[in-house]
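Remarks on the overall topology
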Amino acid sequence: MRQLFQVNSLGSGPSLFEWNKNGTYLAAVGSKRKVCIFDRNGRLYSEVHLPAAEFAEGESPEAAQLQWDPDGEQLAIIPNGNTVVLVWSVVNKDVKKIDTDFKTQVFTAMAWSRTGKYLAMGTAKGNLLIYNCHERKKTPYVGKHVSKIVCMVWTKDDMLAMAGMDLMVSITSAATGETVKGFSLKQAPTEIHIANVKGDGKTAKEYDTSFSINQSGKSVYVMEFNYGGTEEKVIDIVLHEGWGNIEKHLWFGDGYILVAFRSGRVVAVSTLKHEISEEVYSERLLEVCTTISSSPAYGRIAVGGSNSVRILETSGPTFAENKTDAIDLQPDQIVQQVGWTQDGQVLTVALTNGLIMSFLSTLPVVFDYQSSKVIYLTSLQEMTLVDMSNRGVTSKIEIESEPSFCGLGPNHAAVGMNNQVWFYRTSGRNAGQLVNKREYLGSVSVIKLSATHAAVLIEDKVLVHPIEVAPGAAVDDFDKLLPPPGQVQTLTCLMVTDTFIITGSEQGTISYYLAEDVSPVNEYRHEGGALLRMYPQPSGARMVFEDDQGNINLFNPVNDQVLPVPCDLTGRADNIMWDVTDPHVFVIAEQQALHVMLYVPVSISGPRVELLGKQSIHSTHSPLMVIGGSVQCRLKNGALDAVILDTHRNVQSNDAVAKNAPGKRFSQCLKLCRLKAAWESAVLLRNNDAWRQLGVVALEMLDVEMAIAAYRMQGDASMVLSLERIKHYEDKNLLAGHIIVLLDKDQNQAQELFLRSSQPKAALEMRKDLKHWSKALKLAEKLDPDNIAHISKEHAATLEMIGEYAQASNHYHQALESLAVQTTPIPDATALSDSCKAGIARCLLQRGDLRQGRSIALQLKSQQLYKECAHILEGLSQYGDAAEMYERAGQYERAASIYIQTKNFAAATPLMARISSSKLQLQFAKAKEQEGKYSEAAAAFEAAGDMDAVVRLALGPLHMPQRAYAVVRKTRSADAAWNLAEYCLRPTTKDYEGAVEFLLVAGKMEQAFDVAQNKGAMDTFARILMSTTQPADYGRIAHYYENRGEYIKAGDMWCAAEEYSRAVQLYLKVNDDAVLDKAIRIVECTHNRQLGVQIMDYVNAEKEGQIRDEYNFKLNVAMGQFLDAATYALELARFEQEEGNYRIAHSKLFNTVRQLEELHVKPPQELMRSLILLHSYTLVKSLVAINDHTTAARMLVRVARNISKFPKHIVPILTSTIIECNRAGLKKSAFEYAAMLMRPEYRDQVAVKYKKKIELMVRKPDKDAEEVEEPMVPCVFCSMAGPETELQCFSCQNIIPVDVATGKRVLLEDWGECPCCHFACTRQQFMRILQAESRCPMCNEEVPVESVQRLTDPLAKLKAQQEKYEAALVDGVPGVDLGEQPRISGVELAKMTSGNESGSIWGSSSQLAPQKPAMIEVRGGTGTASKGGLQVPGFAGMGRTPGMGGVSVVSAVTKMDMASKRASESNGAQSPMPSQSQAYGGAASQPYSPLPPSNFGAPASGRRRAEMPMVE
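Figured I'd write up the structure that's included with this text.

Quick notes on the rules
- Here, residues in each chain are numbered from 1, in the same order as that chain's written sequence.
- Given that this is a predicted model, residues contribute local features only at a pLDDT of at least 70 and side-chain atom pairs are listed and counted only at 80 or more, while totals for whole chains, interfaces and linings are drawn from all residues.
- Side-chain measures here rest on the full set of heavy atoms in the structure, leaving out hydrogens and waters.
- Each helix is a run of DSSP H or I of at least 4 residues and each strand a run of E of at least 2, with the numbering of both proceeding from the N terminus.
- Burial status follows relative accessibility: with a 1.4 Å probe on protein chains alone, a residue under 20% of its type maximum counts as buried, one over 50% as exposed, and anything between as partly exposed.
- Any two residues whose heavy atoms approach within 4.5 Å are treated as being in contact.
- In these tables, accessible area is a Shrake-Rupley quantity obtained with a 1.4 Å probe, and a residue counts as shielded only by the protein chains included in the view.
- In these notes, a set of buried Ala, Val, Leu, Ile, Met, Phe, Trp, Tyr and Cys residues joined through side-chain atoms within 4.5 Å is what counts as a nonpolar core.
- At least two DSSP bridges between two strands are needed for those strands to be called paired.
- To define axes, lines are fitted to C-alpha atoms, for helices over the stretch in contact only, and angles between the resulting N-to-C directions are given on a 0 to 180 degree scale.
- Any carboxyl oxygen of Asp or Glu within 4 Å of a side-chain nitrogen of Lys or Arg constitutes a salt bridge here.
- Given a helix with a known number of residues, its expected span is that number minus one, times 1.5 Å.
- Pairs of N or O atoms are called polar contacts if they sit within 3.5 Å, as long as, within protein, a hydrogen donor faces a hydrogen acceptor (for residues adjacent in sequence, only side-chain-to-side-chain pairs).
- Space inside and on the surface of the protein is sampled on a 1 Å grid over the protein atoms alone, with a cavity defined as a set of points where a 1.4 Å probe fits but cannot get out and a pocket as an open set with protein on both sides within 12 Å along at least 5 of 7 lines; lining residues have an atom within 4 Å of a point.
- Grid points are joined across faces, edges and corners, and a volume is the space filled by probe spheres set on the points.
- What sets the label is the angle itself: under 35 degrees gives roughly parallel, over 145 gives roughly antiparallel, 65 to 115 gives roughly perpendicular, and the rest give oblique.
- Gly counts as polar in this scheme, as do all residues outside two lists: the nonpolar Ala, Val, Leu, Ile, Met, Phe, Trp, Tyr, Cys and Pro, and the charged Asp, Glu, Lys and Arg.
- Aromatic contacts are taken between Phe, Tyr and Trp rings whose centres are within 6.5 Å, Trp giving its six-membered ring; a plane angle under 30 degrees counts as stacked, one over 60 as edge-to-face, and the others as tilted.

Take the overall build of the protein chain next. Secondary structure summary: the protein chain contains 45 helices and 68 strands in total. Within the span of the protein chain, comprising 1512 residues, buried residues form 53% of the whole. Taking the contacts inside the protein chain whose residues are at least 6 apart along the sequence as the reference set, 46% of them involve residues at least 24 apart. Accessible surface computed for the protein chain: about 66800 Å², of which carbon and sulfur atoms make up 48%.

Below, the structure written as structure tokens:
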């Protein structure tokens, strides 16, 4: 604490002091015979000299007691050693002497009554003197006590309690002087107080009938009694004896007693019923305690003793010592007395050496603020101006005296007391300089400053004047008085903003004046009572005010709107503060609590004020202002402190913890309606729920753009689209109404908003959308009468749905009536009318008027209405009418069901063809069977799915066994099959094959075998058994056939039984090629090499020539010996090539390459060279067809270089080569092969029409002839250029893929492939051939031109093919892992190997026999050649049929080739060059015919296809 002043003029002995009520005057007395009165600043105000002592006293102050009256205007003094009492008046400083009638009796105690009317004085003999100050009358009472009166205290009702040394306490009435009550004590009293006892655990209250007495320092005696009764409650509080004697005690807080012991221990005791005598606090604060004093204003207790004073804080939830405010004096300075001013701001300490010291405990709360600056009292004669935005002290102002009020403006500050005000400048160089001083005609209660003017509330008027007056001008020249003349207003409050001067009156008037010229702007009359205080926004027009009823409201002067502030205060507000940085937040401060309020100017429900939160605040803090959620408070010691509001704790910009908690920050931003800050936090959260909450709050504040952005981030497309449609609305009522509907809030509020908007029909549309038809009707009558018909119809439909048929019918009629009087045409009037009539019909039927309802329904001719009426009639048990309506509605099943239930079969019969319900069909079938109509019954049973009944009727009364056969074969019903088998075994039927078949269907395997064995139907048995998946003993069937010498069938059965060795042995007994193919098929599917060797031995022994080679080829493929198979394929192709069958040889080689490629086996080089050579020859015809004679000539040159491989057609091929070379300009090549052709061995075979020309060419060669150089094409691997027909690169030695369309190198930049055979091609050249022939020259398949695509990465495809080759290598030999082939059962294998050949079980036809597998020709695959480990596309591959193995394809192709050859030989074709059509079984083309001599060497363009060389 800071010392204020010190009094050292009282002498050197003990001293005594007393503050008056207001804390303005201090009375003190010491060893000198006088009483000094000081003001609050320690300046001597007056002195009262005491009379000389009549009796000798010990060492003590010269006055026994000082006491101020309750008003603080009179001081009563008991001089030591005198029989008088002095009363000193503050007003006139007069001293009045009150003499006693009791001679030689000194006064020992006195007390003022609570009202100040009576002054009671007790004597040393126990007598009482009561002085009536109002009447100036004294009344003595003798014998109240028999000894010295020690202490006394007054109650509220003027009852005087006195305690004397006679161990008695008496209660005396001041009015009558009678003793109304008395009670005895155990020990002598030292002090007495009115008790503040807690009652029943609730808030403590002061009882006038309760007293506490200190009994000689041993205990505290608490007595509660009734004046008129005998009931007494006594509490004798005895504490620990070791603590010593009780020096003082007092009451404080909520029913607590503080007991101070001489030993320096302080104990707080509760008086609650169940806590009586319980110590809630106990602590030794001093070595010796001599005095205590309580300050109720701040909840502080001063404990004094020795040379120290300790401060105990009791306002909080717990009691604790405030060590910072402790007072420690010099060791020789002994504390005798401590005391507080009533406001608790000053603590005074009296010492035994005569000194009196006053300390500033808490300063008075004198402050004002403007913007972010606050001025407040930091000392009794010092004001400090602080900028709270940076906590920097702007200036300090020294003042003349302690102020009671102050005001702060932008440039000035004002301080004052009573009617005096001092004005100081607060900015610029002269900050702190006094610029003006005014004395007003009345006391100033409020002063407020603008930039240039001061507004002063003087009693009930406001005076507005300039703060600084020019030199020479009168002070009051520019004064203006409010209210203006003519207005009767008693002003009670005043506020000033940057723009306005605002006054409030006792009549409830709020007036706004311009601060510049004090001209009136707005006036509003508040009906709730007089205005007490006003708190405007710092930079806005809104204002919060409090009326005399304690109500707090927010006022908007723009539209005179008053909003109640929903704040539940325990009392009146101490202060209301707007947040300087947030114009929508204000805080209401009351005792130890802060209420945070939010003003929302725009929302869907209009402007509103809501409570954000409430938090407690320490009693030591006095709120001054609010900046950014931080409440700036002044402490009792004058320091400043900031209290962060809980509602703003996570939105502080300088709080690192808040920044790291975006979730809490987001929640508080939403509550504060700070949408931009909430958006920033939501971005960090990345939470859909956060975006949704932000969107809802934004909509509630009518911020549609922010809501759209939030819902877009959430991904709520429907809400975004809805808001996009309404964001352009400028009418806030219309916008708010739509938002309420979107948020599914109060529709009534939305309707009111719509009706107040520019589009009131929106309310009607809302009610229609919500299906509130009754409310919609009321709105339509006023807003849209043309819509009544539609709304009535919808309302009727709703009523009909809930069963209110009478009301529904009325509304349907109302809709029709509205349509009848409609003036404007409605587009759907007819449909609406029909819908209403349909509703009337339904309602009539529901109400029982069947005739009328049925009549209306039939008139409308609506199937939907028929269905609805039928449902109603069925519910009313009117089945006949219901069925009729169902039939009209097309609900045939339901109609038929009702007809059948009512046994009206005649009506049901026409409907049964349209019925799909098996249940209905079954019911109908049984009924028809009972009637004897078996055909109709069978049809109904079949429709119902009861095929057993159909079979029963077909074998019985219908006599249609073939129908029964068909039904059983289709349904596979076991019961029906057994019945049908019995029928087949009848002597009259004797259908044993049918019996076997149906016994197997019935699951009677043994019976079926017996019938088949005995009746010669084993073929049927075996065939049916193999066509099913049933397990069977095929060995028994095989033995049956083997015993009968039917080896093929027996072999098939052994194959089905998976006895493949026996099956092969039996097949080889039959000398038949087709059966030999069966044996090879077994090897292929079982991968049994031993069987393959066995068959190969048989073939080598029994077959010869080409046939043997063909079978060896098949067997090698079947056994996985692909290189051997390729050797045989080459041999077969060579044979065909030597015979002149070039197409057949080409086909053999092509299919072999494809098959090897499919099996991931690299085709041998020899095989690929033979294929390319043959393909070059067969390609010539296609090249000539597109007039590419140069390429055709180069392909013929390639063939001519290998002419020995074409022995059958050497002369024609050379002739064609000469002709095409001549056409292409290859003169040297033409001469070379012409010279070869003129050799003796070929000369005679040359055609006559070409012979002379060729002889002439040889005899007279063109010596200047030049050979056209062959174009160079880059290698696809190393890019080294080389001749286009040379397929091996000279640089990297890789084999370059051949172009199937030209026979040349394929081009990397235009690399394509045939979609059928996947051979490489140059895309553009290949498309030219397809446009001419539509077939691939390699695989001869039809290929659409648009299906040919360019490969994006052909080299990667080559690499993948090479990896497949490498993965398929087994022990260094090309092949495949045959064990990976799919497992084929013996039955499946038997089916695959069996055909229609003689002796097969499939030779005979049966309805259940499976069809023979057709020959399969597989197309596709990609061929390759290799060099240097890289596989090159273009050399062929072949697809493989799943489950068939490789030999099936080769076998099929071989059969085709042989059939083609035999057909060619049978037709007698003698041409050495068979055409393409001949090779594939077509008609033979004409042999090659050379051009006539006149056209020899001419270009081939423009000639017909038939004139082109046909090289086959």
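Helical geometry: 3.6 residues make up each α-helical turn, so side chains three or four residues apart lie on a common side. What helix α22 (residues 961–971) keeps buried is the set Ala964, Tyr965, Val967 and Val968. Those residues of α22 that are buried lie in contact with α21 (947–955), α23 (974–984) and α24 (992–1001).

Turning to the nonpolar core, a few remarks are in order. In terms of nonpolar packing, the biggest core is built from 101 residues, with Phe1021, Ile1037 and Ile1095 touching the most fellow members. For this core, the leading source of residues is α21, giving seven residues. For Ile1095, the contacting residues outside a window of four places in its chain are Val1064, Leu1076, Ala1079, Ile1080, Val1083 and Leu1115. With 66 residues, the next largest nonpolar core counts Ala1200, Val1211, Cys1221 and Ala1224 among its residues.

Strand order in the open sheet formed by four strands is β38-β39-β40-β41, and the pairing between neighbours is antiparallel. A single partner strand is all that each edge strand has here, and the edge strands are β38 (405–408) and β41 (434–439). Strand-to-strand, the axes of this sheet are offset by a mean angle of 15 degrees, without reference to chain direction.

Counted according to the given criterion, the structure contains 46 salt bridges. Between Glu610 and Arg608 there is a salt bridge, with its nearest N and O atoms 2.9 Å apart. For the salt bridge of Asp1019 with Lys1049, the shortest nitrogen-to-oxygen distance reads 2.6 Å. With Asp1019 in helix α26 (residues 1018–1026) and Lys1049 in helix α28 (residues 1047–1056), this pair connects stretches of sequence that are 30 residues apart. Given the relative accessible area of 10%, Lys1049 is considered buried. One salt-bridge network, in which partners are shared between bridges, spans Asp1019, Arg1044, Glu1046 and Lys1049.

Among the secondary structure elements, Thr172 is positioned in strand β16 (residues 168–173). Apart from residues lying up to four places away in sequence, Thr172 is in contact with Leu128, Lys144, Asp158, Met159, Leu160, Met162, Gly177, Glu178 and Thr179.

Helix length check: helix α4 (residues 688–700) (13 residues) gives 19 Å between terminal C-alpha atoms against 18 Å at 1.5 Å per residue, within 8%. Three or more residues of α4 are buried, namely Ala690, Trp691, Leu694, Gly695, Val697, Ala698 and Leu699. Summarising the contacts, the buried residues of α4 are in contact with α2 (662–671), α3 (675–685), α5 (704–714), α6 (717–726) and α7 (732–742). Of the residues that open α4, the one with a side-chain oxygen 2.7 Å from the backbone nitrogen of Asp689 is Asn687. Leu702 lies just past α4 and shows a positive phi near 65 degrees.

Below, the discussion takes up the layout of surface pockets. Its boundaries defined by the atoms lining it, the second largest pocket holds a volume of some 660 Å³. Forming the walls of the second largest pocket are 26 residues, and the residues nearest its centre are Arg1198, Asn1202, Thr1285, Glu1286 and Leu1287. Put simply, the parts of the chain that give the lining of the second largest pocket at least two residues each are α35 (1165–1185), α36 (1189–1200) and α38 (1227–1237). Looking at which element gives the most residues to the lining of the second largest pocket, the answer is α35, with seven residues.

Bringing the packing of helix α29 (residues 1060–1069) against helix α31 (residues 1089–1102) into the picture now. At a closest axis distance of 11 Å, the pairing of α29 and α31 adopts a crossing angle of 10 degrees. Classed by the angle they form, the pair α29 and α31 counts as roughly parallel. Residues Tyr1060, Ser1061, Val1064, Gln1065 and Leu1068 of α29 touch α31, and the partners they reach there are Leu1091, Gln1094, Ile1095 and Tyr1098. Here the residues of the contact of α29 with α31 sort into six nonpolar, three polar and no charged.

We now examine the environment of Ala815. As for its position among the elements, Ala815 is in helix α12 (residues 805–820). By relative accessible area, which is 0% here, Ala815 ends up buried. For the pair Ala815 and His795, spaced 20 residues apart in sequence, the C-alpha separation works out to 9.7 Å. Dropping the residues within four chain positions of it, Ala815 is found in contact with Ala789, Ser792, Lys793 and Cys836.

Here the distance between the centres and the angle between the planes together describe a pair of aromatic rings. For the structure on display, the rule yields 22 aromatic pairs. Measuring from ring centre to ring centre gives 4.8 Å for Trp578 and Phe586, while their planes differ by 50 degrees; the resulting arrangement is tilted. With respect to burial, Trp578 and Phe586 carry one shared label: buried. Ring geometry for Tyr1142 and Phe1206: centres 5.2 Å apart, planes at 55 degrees, overall tilted. One end of the pair, Tyr1142, is in helix α34 (residues 1142–1158); the other, Phe1206, is in the loop between α36 and α37 (1210–1224), and 64 residues separate them in sequence.

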